[in-house]
Number of protein chains: 2
Amino acid sequence: MNIKNYIEDLAHKAQQSSRILAKSSTHERNNALKIAANILEQEEQMLVNANLKDLLESQAKGLAETALDRLELTKSRIRAMAEGLRQIVTLPDPIGVISNLNFQPSGIQVGQMRVPLGVIGIVYESRPNVTADAAGLCIKSGNGVILRGGSEATHSNQAITHCIHLGLEQARLPKEAVQMIEVTDRASVGELITQEKYVDVIIPRGGKGLIERISRESKLPVIKHLDGICHVYLDNQIDFEKAIAIAINAKCQRYGVCNAMETLLIARDVAENILPRLAKHYQEHNVELRGCIETKKILSTIKLATEEDWYEEYLAPILAIKIVTGLDEAIWHINHYGSHHTDAIVTENFTRARQFLTEVDSSSVMINASTRFADGFEYGLGAEIGISTDKLHARGPVGLEGLTSQKWIVLGNGHIRQ
Amino acid sequence: MNIKNYIEDLAHKAQQSSRILAKSSTHERNNALKIAANILEQEEQMLVNANLKDLLESQAKGLAETALDRLELTKSRIRAMAEGLRQIVTLPDPIGVISNLNFQPSGIQVGQMRVPLGVIGIVYESRPNVTADAAGLCIKSGNGVILRGGSEATHSNQAITHCIHLGLEQARLPKEAVQMIEVTDRASVGELITQEKYVDVIIPRGGKGLIERISRESKLPVIKHLDGICHVYLDNQIDFEKAIAIAINAKCQRYGVCNAMETLLIARDVAENILPRLAKHYQEHNVELRGCIETKKILSTIKLATEEDWYEEYLAPILAIKIVTGLDEAIWHINHYGSHHTDAIVTENFTRARQFLTEVDSSSVMINASTRFADGFEYGLGAEIGISTDKLHARGPVGLEGLTSQKWIVLGNGHIRQ
């Protein structure tokens, strides 16, 4: 069977099974997840062994240490995967929820019902825990899923998928609803993202190059995450302790994450007072500072930022700093240079807080809180399938609701249109 | 200026102005619409004259009579356009609405705020009233809009856009938020649908060819409407009067519309009883019937339907009829052959009604009501920018809410992530 037929066949099966999943009960879907969680724990040794094969092969190929770390399935990571599935069980079932059922002047009753999207294609790199997370969220939301993980994790992904299949089977749900693509060359992604007949949306998770390529070539809607160029703006009316806590936390709590601050904007009125104190903290964290000309007048030893710095997602202990005249310039800077991901203001001023909230065009806009909170768990979604930097359909952290859509329902009693 | 620069410049202006519109007050946007409505009525003669130029040029080019009719701006149509804008004024403002603002365990408060999408590109054919409708909905929802109407209506569209510009100006809002593309060759559409930097979504309205081309070539998200292959299923437990009323209304109330029934499915148990009565009604309406083999056993004089008929959107007084064993086959037929637009069941049975509602995968699913109700006005949206057959973002009739998205908002008091 060639790759085209292989993917088409698998996508077709996913669609057929997704229809059974879509009409299954909350209890059945939760049951499948609970059983799968138990099996993951029972089969711990099998999973570790499968993962060991991946690790050894990847090591022989010279995979980098950080990538090997992401690939590794320790016993505690296996327990965390199982716990993740159990957490999904506790989330309310979004499927079938009917809202806004109102009578219209014609006498019909019109509302909306939440339904699964159908089949979700997930393309990701070599973190095996994504296999369980993604399958869990898709099963819970009544969707079929096609998993296309990185080649380095093939044995691990097969082993995890096997456990999930057993969970579905024992809960009397079709195991074909969770499909794993075992051919991990580029062509398999190319085929997956053109299955318009069987697949409803593609969610790529991984490096920017992968995501850009998929967005460009996909014939299907893509829920994607591009840059996280996040800003914190320190207003001219601030509580210094809050400002320092947030500016340090947003940058230093973790560096390689999309919701870390990359550019700090400071109102001119407070810059001279707060910058030396901030610089001391950043120095303790070994964060390299790059400032605008005005910033350099206050912190003379730091690097001068270039125009490129304002566009940069460092994902590293580097921070760009710019002094602005006030809120309007801060908002302009964020909307112009930012990536519409997550941006925060620190202020005690009600009117400016409100203006920031309204005018910053980002998927998360925060007042007096660290950008690091932009996360599905922190937002109460329970789990996230990804973070969307798109505006349509789902914006920001995407949980179960992002894997659903709403159809209109109309109830009548023989009503006809005049 | 070449076409590429022309469109880019216009899209850039639309984006800049859209940001001013996005932060304007409900009162300002409503005021612009009210003033534009008044000006449309005051400038009736100017509009009729501009339209006359279009009509004469199109007549000389040999445009078909039905197309000329759609192109014509009569005084009553101008008043209807103005009334349409006034109706949009009465709709609640979706922008800035904050929902689900809840405290999370970390102490932050997380909710969602409804915001405009940004800039909407609308590509349509030669119905000048779309110019006023689309601009009105976009202004109300705080979006910039780029209008690309059919070449036949250029003078009419210019005149209408002029009135809307005056409304925006007199309400002290930027008239550049409503842009009209005056170059109506294919290249201008090609440029518009690749303005990823400035345009957020494309809504094509018109023939299937246009929509398919735009979907294929667009680099931007498209809210689209393809086929309307709508079904009515007459269950084996029906009220005959309701069944006949709905089956006739869904087909005969209007033929050339996307929410008209194209295939009638009938449970075997009631077919023999109801088909002759239905056939008599359809005959009175001169509707050509094409039936499956079983149907032909009851209505011997009608045509035999072929496999292609089940896939057909006739948009004409033609109806395909199929006898099915029961609900399961009906649902299978609808999900397999249909276009996921609008489908209805007629039944007195509660359990089967509920099953139909859950299992039919269409943007509108109806019980005991005519498919002809699938419409923004009938659903209480007040007005519609189109009907979406997509699953993501907006499904079914798209009103103001479909022109918005939600961003996350986070309120804290110096909160940092642990």
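In the annotation of an unreviewed UniProt entry, the entry for chain A reads Gamma-glutamyl phosphate reductase, and the organism field reads Candidatus Nitrosacidococcus tergens. UniProt lists a comment for chain A under the heading Function (unreviewed entry), and it reads "Catalyzes the NADPH-dependent reduction of L-glutamate 5-phosphate into L-glutamate 5-semialdehyde and phosphate. The product spontaneously undergoes cyclization to form 1-pyrroline-5-carboxylate." UniProt, in the comment section headed Sequence similarities (unreviewed entry), describes chain A in these words: "Belongs to the gamma-glutamyl phosphate reductase family."

Moving on, we come to the interface of chain B and chain A. Opposite the 61 residues of chain B that make contact, chain A presents 61 residues. Where chain B abuts chain A, roughly 5,400 Å² becomes buried across the two surfaces, and 56% of that area is made up of carbon and sulfur atoms. It is Leu 392, Trp 408 and Arg 417 of chain B in chain B that bury the most area against chain A; as a group they hold 17% of the surface buried on that side. Summed over the shared surface of chain B and chain A, the result is eight salt bridges. Lys 23 of chain A serves as the salt-bridge partner of Glu 359 of chain B, at 3.5 Å between the closest nitrogen and oxygen. Run the count over chain B and chain A and you get 45 residue pairs in polar contact (both at pLDDT 80 or more). Listed by contribution, the elements that provide at least two residues to the side of chain B that touches chain A are β2 (109-116), α10 (240-252), α14 (350-359), β13 (364-369), β15 (396-398) and β16 (404-415) of chain B. The element best represented in the side of chain B that touches chain A is β16 of chain B, accounting for 11 residues. By residue class, the composition of the side of chain B that touches chain A is 26 nonpolar, 23 polar and 12 charged. Two elements, strand β13 (residues 364-369) of chain A and β16 of chain B, share five bridges in a ladder whose sense is parallel.

Through backbone hydrogen bonds, the strands of a sheet pair up, either in parallel or in antiparallel fashion. All names here are of chain A. What the four strands build is an open sheet, ordered β5-β4-β3-β6; its pairing is parallel. Since the sheet does not close on itself, it has two edges, and those belong to β5 (178-180) and β6 (201-205), each with one partner. Neighbour-to-neighbour, the strand axes of this sheet turn through a mean angle of 20 degrees, independent of strand direction. Relative to β5, strand β4 (residues 144-148) runs parallel, the two sharing three bridges.

Moving on, we come to the UniProt feature "domain: Aldehyde dehydrogenase" (unreviewed entry) in chain A. Residues and elements named next belong to chain A. On the UniProt side, "domain: Aldehyde dehydrogenase" (unreviewed entry) is annotated at positions that read residues 7-287 and 310-374 here. Note that residues 7-287 is 53% helix and 16% strand, and that its end C-alpha atoms are spaced 46 Å apart. Annotated as residues 310-374, this span is 34% helix and 28% strand, and its ends, taken at the C-alpha atoms, are 21 Å apart.

Time to look at the relation of the copies chain B and chain A. Overlaying chain B with chain A gives an RMSD of 0.0 Å, the required rotation being 180 degrees about an axis along which the chain moves by 0.0 Å. Taken together, these values place the two copies in the relation of a two-fold axis. Nearest to the rotation axis, the C-alpha of His 393 of chain B is located 1.9 Å from it, this being the minimum over chain B. Interface overlap between copies: 100% of the residues of chain B at the interface are likewise at the interface in chain A, consistent with a symmetric, same-surface contact.

What follows deals with the domain arrangement of chain A. All names here are of chain A. Here the domain parsing of chain A yields domain 1 (3-223 + 394-411) and domain 2 (230-378). On a C-alpha basis, the centres of domain 1 and domain 2 stand 36 Å from each other. With four residues of domain 1 at the contact, the number on the domain 2 side is eight residues. Between domain 1 and domain 2, roughly 380 Å² of surface is buried when both sides are summed, and carbon and sulfur atoms account for 53% of that area. Our count for the contact surface shared by domain 1 and domain 2 stands at one salt bridge. The partner of Arg 395 in a salt bridge is Asp 361, and the shortest N-O contact between them spans 3.0 Å. Looking at side-chain class alone, the side of domain 1 that touches domain 2 contains one nonpolar, two polar and one charged residues.

Bringing the sheet that holds strand β8 (residues 261-267) of chain B into the picture now. The strand order β1(A)-β2(A)-β16(A)-β13(B)-β12(B)-β7(B)-β8(B)-β11(B)-β9(B)-β10(B) describes an open sheet built from 10 strands, whose pairing is mixed. A single partner strand is all that each edge strand has here, and the edge strands are β1 (98-103) of chain A together with β10 (303-304) of chain B. Pairing between β1 of chain A and strand β2 (residues 109-116) of chain A: four bridges, direction antiparallel. Looking across to β2 of chain A, one finds that Ser 99 of chain A is bridged to Gln 112 of chain A. Against the sheet, helix α11 (residues 268-284) of chain B makes contact with β7 (230-234), β8, β9 (288-291) and β11 (318-324) of chain B, and its axis sits at roughly 145 degrees relative to β8 of chain B, the strand it touches most.

Here we come to the packing of aromatic side chains. Here the structure, examined in full by the defined rule, presents six aromatic pairs over all chains. Ring geometry for Trp 332 of chain A versus Tyr 337 of chain A: centroids 5.9 Å apart, planes at 85 degrees, classification edge-to-face. Ring geometry for Tyr 379 of chain A and Trp 408 of chain B: centres 5.0 Å apart, planes at 40 degrees, overall tilted. With Tyr 379 of chain A in the loop between β13 and β14 (386-388) and Trp 408 of chain B in strand β16, this residue pair bridges two chains. For the residue pair Tyr 379 of chain A and Trp 408 of chain B, the accessibility class agrees, reading buried in each case. What links up through ring pairs into an aromatic cluster is the set Tyr 311, Trp 332 and Tyr 337 of chain A.

Now for the packing of helix α14 (residues 327-337) of chain A against helix α15 (residues 350-359) of chain A. Residue and element names in this part refer to chain A. For the pair α14 and α15, the least separation of the axes is 11 Å and the interaxial angle reads 20 degrees. Classified by the angle between their axes, α14 and α15 sit roughly parallel to one another. Between α14 and α15 lies a crossing whose hand is right-handed. Across from Leu 327, Asp 328, Ile 331, Ile 334 and Asn 335 in α14, the residues of α15 making contact are Arg 352, Gln 355, Phe 356 and Glu 359. Tallied by class, residues from the contact of α14 with α15 come to four nonpolar, two polar and three charged.

So, about the confidence of the model for chain A. Averaged over all residues, the pLDDT of chain A equals 95, while 100% of them reach at least 70. The ipTM value of the predicted complex is 0.92, and its pTM value is 0.92.

Residue and element names in this part refer to chain A. Burial analysis of β4 places five of its five residues in the buried class, which makes it a mostly covered element. Residues of β4 alternate between two faces, with Gly 144, Ile 146 and Arg 148 on one and Val 145 and Leu 147 on the opposite face, all of them buried. Sheet topology places strand β3 (residues 119-124) next to β4; five bridges connect them, and they run parallel. Along β4, the bridge assignment pairs Val 119 with Gly 144.

Looking now at the packing of helix α3 (residues 44-60) of chain A against helix α5 (residues 75-90) of chain A. Residue and element names in this part refer to chain A. Running from N to C, α3 and α5 point in directions that differ by 120 degrees, and their axes come no closer than 10 Å. Comparing the axis directions of α3 and α5 gives the class oblique. Considering how the two elements wind past one another, α3 and α5 form a crossing that is right-handed. Contact residues: Glu 44, Gln 45, Leu 47 and Val 48 in α3; Lys 75, Ile 78 and Arg 79 in α5. Residue classes in the contact of α3 with α5 are distributed as three nonpolar, one polar and three charged.

Each value, and the rule that gives it
- Residues numbered from 1 in each chain as written.
- Chains lettered and ligands numbered in written order.
- Predicted model: local features only at pLDDT ≥ 70, side-chain atom pairs only at ≥ 80, totals over all residues.
- Heavy atoms only, no water.
- UniProt positions renumbered as here; feature names shortened; annotations may be inferred.
- Contact = heavy atoms within 4.5 Å.
- Buried area = accessible area lost by both parts, 1.4 Å probe.
- Salt bridge = Lys/Arg side-chain N within 4 Å of Asp/Glu carboxyl O.
- Polar contact = N/O pair within 3.5 Å; in protein donor to acceptor, adjacent residues only side chain to side chain.
- Helix = DSSP H or I, 4+ residues; strand = E, 2+ residues; numbered from the N terminus.
- Nonpolar A, V, L, I, M, F, W, Y, C, P; charged D, E, K, R; others polar.
- Pairing = 2+ DSSP bridges.
- Axes fitted to C-alpha atoms, helices over the stretch in contact; angles between N-to-C directions.
- Least-squares fit on C-alpha atoms with pLDDT ≥ 70 in both.
- Domains from an automatic or database assignment.
- Phe/Tyr/Trp six-rings, centres within 6.5 Å; stacked < 30°, edge-to-face > 60°.
- Buried < 20%, exposed > 50% of the residue type's maximum accessible area, 1.4 Å probe, protein only.
- Parallel < 35°, antiparallel > 145°, perpendicular 65-115°, else oblique.
- Left-handed = near helix turned anticlockwise from the far one by under 90°.
- pLDDT = per-residue confidence, 0-100.

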